[in-house]
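What the coordinates show
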Amino acid sequence: MPDFSQLPSVEKLTLALADEVSLPRPLVTGYVKRALEQWRERMIKGEKGPRNTIESEIRAGLQSFAASRLQPVINGTGVLIHTNLGRSPLGDRAAGALRRIATGYSNLEFNLLDGKRGRRAGYLEMALAVLLDTEAATTVNNCAAALVLTLRTLISPEKNEIIVSRGELVEIGGGFRIPEVLETSGAKLVEVGATNKTHLKDYAKALTERTALILKVHRSNFYLGGFTAEPAVPELSALAHQHGLPLVEDLGSGAVMNTDELAPIDHEPTPQEALRNGIDLITFSGDKLLGGPQAGIIAGRAELVARIKAEPFFRAVRCDKLILTVLQECIDDYLRSKGDEIPDVPVLNFLSTPMESLHTRAKAILAQLGDLPADISIVETTSQTGGGTMPKAQFPSVALEITPQKMGLEKLAHRLRAQEPAVVGYVHEARLLLNLRSIFTDQDAPLTEAVRGALQP
Ligand SMILES: *Cc1c(COP(=O)(O)O)cnc(C)c1O
């Protein structure tokens, strides 16, 4: 029988640890109980733990648990749409609207003119359709849901085959693969072509009376180069339409603005172009280059969008009022911006920030860090859009490069992440870099403080 007397009591340990983390007391108790239970099992298996080892291990675990609470982060990675860091930040207008709707009642499904029940998201759907220059649009929880819902609606027990090119079966991150997501709709994937080349005749050969639709998936997070081929969208669209089938495209990011006009990067296909080229329905994310909240947007032919909205599964993945509010604000912002004006979308503003202003900010920050035990300098580096957009796109940026004199780089990175707000940088060629392109101007002061806090002995 193991010696459980080595284990501290739940009460004593909770008391000792509660002041070290600012968590609700019952949560500390709950954490300690579970941790002691695990130690009990480890001891039954023969492990011995002197009391202070046990305590310090549980303390470290609790600190790591406390740090996992959702909190603001200064993004010094230079990756503008970083899925691990919450993708697109919202503009001030959208955030303000969110507060107004969140803290009160609203006309979510109420018609203020006749005092009767109203249509949820009617305004947003019309605004999206106008922005995307198409017949109709709707929104759901995210792009993966948009895709599954679309396929579910367009297949039937007799016609459940979806034709898709082998070169487009991507993994979208976090281990989620497009083919697996697609199959949850009940569809059967018919893969055509080779990884590098798919021709129109490959699609044509795969058509049967069981075919429900042809699907294109935008290669959003990898680049296929060299000996490659794929049919032009208008050709593929003509083939689908000759057979009375819809052509659907999952665009992933779906930049509504021509982002290549904002920064020296490759052209990211816009939803408007895809629809103009003959795609019947497109799906894309709300929180990638659009710069809105997590959402999935479905747009295209009115008759197809109406069928999607009538599918019972639509109810399971619909957006809540907070998301609808933010999207409404974001889409109105796009519709209001004229000519070269950039909407109130931080990611687009980051993309277009001139190098000179990054240099000016870097100099101002550096001037305040002269007395620290580190070599700090300003370097030119690159940034990426990220979030499964434009995989080849690297564009110029400016970073602060830090070599600490009294600690290792990993230690410095760790200490920066432990600041409030947390700062996330990256290590490149034995230096720690803080890339300014993904940092808001009003974060320069807290960033300076955080660097100071992290470097101080
Ligand atoms: C990012 C991405 C998705 C998933 O979008 P979510 O909004 O995260 O569900 C699907 N398809 C492609 C091509 C993507 O790039």
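Thresholds applied
Residues numbered from 1 in each chain as written. Predicted model: local features only at pLDDT ≥ 70, side-chain atom pairs only at ≥ 80, totals over all residues. Heavy atoms only, no water. Helix = DSSP H or I, 4+ residues; strand = E, 2+ residues; numbered from the N terminus. Buried < 20%, exposed > 50% of the residue type's maximum accessible area, 1.4 Å probe, protein only. Contact = heavy atoms within 4.5 Å. Areas by Shrake-Rupley, 256 points an atom, 1.4 Å probe, with all protein chains shown as cover. Lys, Arg positive; Asp, Glu negative; His and termini not counted. Charge placed at Lys NZ, Arg CZ, Asp CG, Glu CD. Salt bridge = Lys/Arg side-chain N within 4 Å of Asp/Glu carboxyl O. Core = buried A, V, L, I, M, F, W, Y, C linked by side-chain atoms within 4.5 Å. Domains from an automatic or database assignment. Polar contact = N/O pair within 3.5 Å; in protein donor to acceptor, adjacent residues only side chain to side chain. Expected span 1.5 Å × (residues − 1).

Some remarks on the overall build of the protein
Within the protein, the secondary structure is distributed over 17 helices and 14 strands. When the backbone C-alpha atoms are referred to their principal axes, the protein occupies close to 75 × 65 × 60 Å. Burial status across the protein gives 49% buried among its 457 residues. Of the contacts formed within the protein by residues at least 6 apart in sequence, a portion of 73% connects residues at least 24 apart. A total accessible area of about 22500 Å² is found for the protein, and carbon and sulfur atoms account for 52% of it. Of note, the protein has its 50 positive side-chain charges centred 5 Å away from the centre of its 55 negative side-chain charges.

Here we look at the pattern of salt bridges
For the coordinates displayed, the defined rule picks out 23 salt bridges. Across the pair arginine 40 and glutamate 37 runs a salt bridge, and its minimum N-O distance is 4.0 Å. Of this pair, arginine 40 and glutamate 37 both sit in helix α2 (residues 25–44), 3 residues apart, which is roughly one turn of the helix. Relative accessible area serves as the criterion here: at 41%, glutamate 37 is assigned to the partly exposed category. Between arginine 117 and glutamate 109 there is a salt bridge, and its shortest N-O distance comes to 2.8 Å. Judged by relative accessible area, which is 66%, arginine 117 ranks as exposed. Under the relative-accessibility criterion, glutamate 109 is labelled partly exposed at 23%.

Regarding the nonpolar core
Counting 52 residues, the largest nonpolar core has Ile214, Leu290, Tyr334 and Leu351 as its most contacted members. Residue assignment places this core across two domains, with domain 2 (73–87 + 350–455) and domain 3 (92–344) each supplying three or more. The contact partners of leucine 290, leaving out residues within four places of it in the chain, are Ser253, Gly254, Val256, Phe284, Ser285, Ile297, Leu327, Cys330, Ile331, Tyr334 and Val345. Within the second largest apolar cluster, 28 residues are counted, among which are Ile178, Ala212, Leu213 and Leu304.

As for the environment of leucine 7
Mapped onto the elements, leucine 7 comes out in the segment before α1 (10–18). Residue class for leucine 7 comes out buried when judged on its relative accessible area of 9%. When the C-alpha positions of leucine 7 and isoleucine 54 are compared, they lie 7.4 Å apart, and in sequence the two are 47 residues distant. In this view, leucine 7 contacts Leu36, Trp39, Arg40, Met43, Arg51 and Ile54; residues no more than four positions away in its chain are not counted.

Side note on the side chain of histidine 218
Positionally, histidine 218 belongs in the loop between β6 (211–217) and α9 (233–242). Residue class for histidine 218 comes out buried when judged on its relative accessible area of 16%. A distance of 3.4 Å separates polar atoms of two side chains, one belonging to histidine 218 and the other to glutamate 268. The contacts of histidine 218, once residues within four sequence positions are left out, are Glu249, Asp250, Leu251, Glu268 and Pro269.

Looking at helix α6 (residues 143–154)
Because an α-helix packs 3.6 residues into every turn, residues spaced three or four apart end up facing the same way. Between its first and last C-alpha atoms α6 spans 16 Å; for 12 residues at 1.5 Å apiece the expected length is 16 Å, and the two agree. Among the 12 residues of α6, 10 are classified as buried, and the element is accordingly described as predominantly covered. Within α6, the full set of buried residues consists of Cys143, Ala145, Ala146, Leu147, Val148, Leu149, Thr150, Leu151, Thr153 and Leu154.

Considering the domain arrangement of the protein
Examined at the domain level, the protein breaks down into domain 1 (4–67), domain 2 (73–87 + 350–455) and domain 3 (92–344). A separation of 35 Å is found between the C-alpha centroids of domain 1 and domain 2.

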